[in-house]
Each structure stands twice: as C-alpha cells, then as structure tokens.
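Results of the structural survey
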Amino acid sequence: RFGELAGWKVGAVDMLRRRLAVRQVLKEPRGQAPYTGPPKSSASARTLAMPRAVVDELARHLEVFPPVNGFVWTTNRGDVLRRGSFSRVWRTGVGKSVGFPCRLHDLRHTHAAWLIAAGEHPKAIQQRLGHGSISVTLDRYGHLMEGLDEGAADKLDDLFVAPGEGQMRDSLADVLPLE
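Treat the numbers as computed from the prediction; the structure is a model and nothing was measured.

Calculation rules
Residues numbered from 1 in each chain as written. Predicted model: local features only at pLDDT ≥ 70, side-chain atom pairs only at ≥ 80, totals over all residues. Heavy atoms only, no water. Buried < 20%, exposed > 50% of the residue type's maximum accessible area, 1.4 Å probe, protein only. Helix = DSSP H or I, 4+ residues; strand = E, 2+ residues; numbered from the N terminus. Pairing = 2+ DSSP bridges. Salt bridge = Lys/Arg side-chain N within 4 Å of Asp/Glu carboxyl O. Contact = heavy atoms within 4.5 Å. pLDDT = per-residue confidence, 0-100.

Turning next to the pairing of strand β5 (residues 46–49). Covered by surrounding structure in β5 are Arg46 and Leu48 only, the residues Thr47 and Ala49 on the alternate face being uncovered. Judged from the 4 bridges that link them, strand β2 (residues 19–22) and β5 form a sheet pairing that is antiparallel. Within β5, the residue paired with Ala21 across the bridge is Thr47.

Set out below in structure tokens:
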C-alpha cells in the first residue's frame with residue numbers, strides 16, 4: 001500500500017532480523033497536510049519478514065539516500081513522499097521498464113501471485129498483505145490458485161491407492177484410524 005511505503009521510517013526496520021514493522025502510514029486527506037497515523041485496520045498493523053535481497057537493496061538505498069526526519073522514502077528535497085509526486089516518478093520508471101499499464105498496487109498483486117505460485121499457505125499470504133480476513137485474500141486472489149481441485153483429487157488418490165501397488169485399498173480403515 002502506498003501509505004505504508006510513504007510512512008515507512010527507519011526505526012520500523014530491523015536489518016539483522018530482516019523484519020519490517022508496519023505501525024504507521026502516511027495519510028493524505030484531501031485539502032489537508034499529510035500526516036502519519038495508524039494503519040487502516042488492526043490486521044494492517046503487522047511485522048513482515050523481508051527477503052535478504054530486499055534487505056541488501058534497502059541497505060544500499062540508505063547509504064546513498066540517508067533518511068530525512070526518519071523517513072526511508074522522501075522527495076529529492078527531503079519532503080514526505082506524496083502520492084502525486086511519486087506518481088510522476090512511477091510513470092517514468094514504468095515507461096522505461098515493464099511498460100503500461102502497471103500501477104504501484106500491481107506490486108501487491110504480484111507479491112501475492114508469486115507466493116501462491118510458490119505454494120505458500122493462504123493464511124501466510126493474508127497476514128503479509130494485512131487483510132483482516134482470509135476470505136478477502138481468497139476472494140481477491142483465489143483465481144490465481146488454478147489446479148487446486150486437481151491437487152485435492154490427487155491427494156485423495158494417495159489415501160485410497162496403496163503405495164507402490166497401484167491398486168485401491170480394501171477400506172479407509174487401512175488409512176484412517178476410526179477409533
């Protein structure tokens with residue numbers, strides 16, 4: 001989420017443990033000055049493990065661009081990163097790389113899609129994305145979980161077919177203790 005990115009302060013990062021605590025976000029109410037405040041829900045306040053590659057890239061970024069007022073991401077003048085000023089930078093970067101259409105929020109979808117493709121448990125994906133309910137995660141990203149039904153049928157086959165014999169077991173009692 002853009003507000004999480006823009007509100008990210010150095011104190012929220014534990015580089016050694018590769019953790020990011022999402023505890024504040026940048027809020028930009030229409031007609032008012034931006035300010036930091038709590039995330040939009042209790043589920044959005046979370047601590048995330050970061051991949052080593054992200055930690056390494058973040059360390060390089062902080063060497064070149066030291067934090068201003070504690071913020072990891074700022075404008076060239078050291079102001080808080082506002083949605084409008086970032087949009088210009090984003091459009092330029094997208095135009096020079098992956099091309100349009102590509103929105104910042106698409107990175108969240110890519111993150112979820114990669115985790116689904118890697119076989120990550122939906123509950124872990126829910127927590128990483130800060131969704132308040134697993135149903136939100138499954139409703140929004142369930143279409144990316146193709147082949148789940150075939151996988152379920154294969155697992156049932158594993159229960160019914162005797163290992164190495166290729167034939168049906170006599171009964172489920174061979175597999176499941178019914179006591």
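Ordered in space as β1-β2-β5, the 3 strands form an open sheet in which the pairing is antiparallel. Only two strands of the sheet have a single neighbouring strand rather than two, namely β1 (13–14) and β5. Of the strand pairs in this sheet, β1 and β2 are connected by 2 bridges, and their pairing is antiparallel. Residue pairing in the sheet places Val13 in a bridge with Leu20 of β2.

On to the pattern of salt bridges, then. By the definition in use, this model includes 7 salt bridges. For the salt bridge of Asp14 with Arg17, the shortest nitrogen-to-oxygen distance reads 3.1 Å. By relative accessible area, Asp14 is classed as partly exposed at 26%. Arg17 sits in the exposed class, given a relative accessible area of 61%. Among the ionic pairs, Arg77 bridges to Asp79, the shortest N-O distance being 3.2 Å. Residue Arg77 is classed as exposed on the basis of its relative accessible area, which comes to 73%. Linked by salt bridges that have partners in common, Arg1, Glu4 and Arg46 make up one network.

Our next topic: the side chain of His61. As for its placement among the helices and strands, His61 is situated in helix α2 (residues 52–64). Owing to a relative accessible area of 17%, His61 belongs among the buried residues under this scheme. Look past the residues within four positions of His61 in its chain and what remains in contact with it is Val72 and Trp73.

Our next topic: the confidence of the model for the protein. Put simply, the protein has an average pLDDT of 86, and 90% of its residues get 70 or more. The weakest mean pLDDT in the protein belongs to helix α7 (residues 148–160) at 78; the strongest belongs to β2 at 96.

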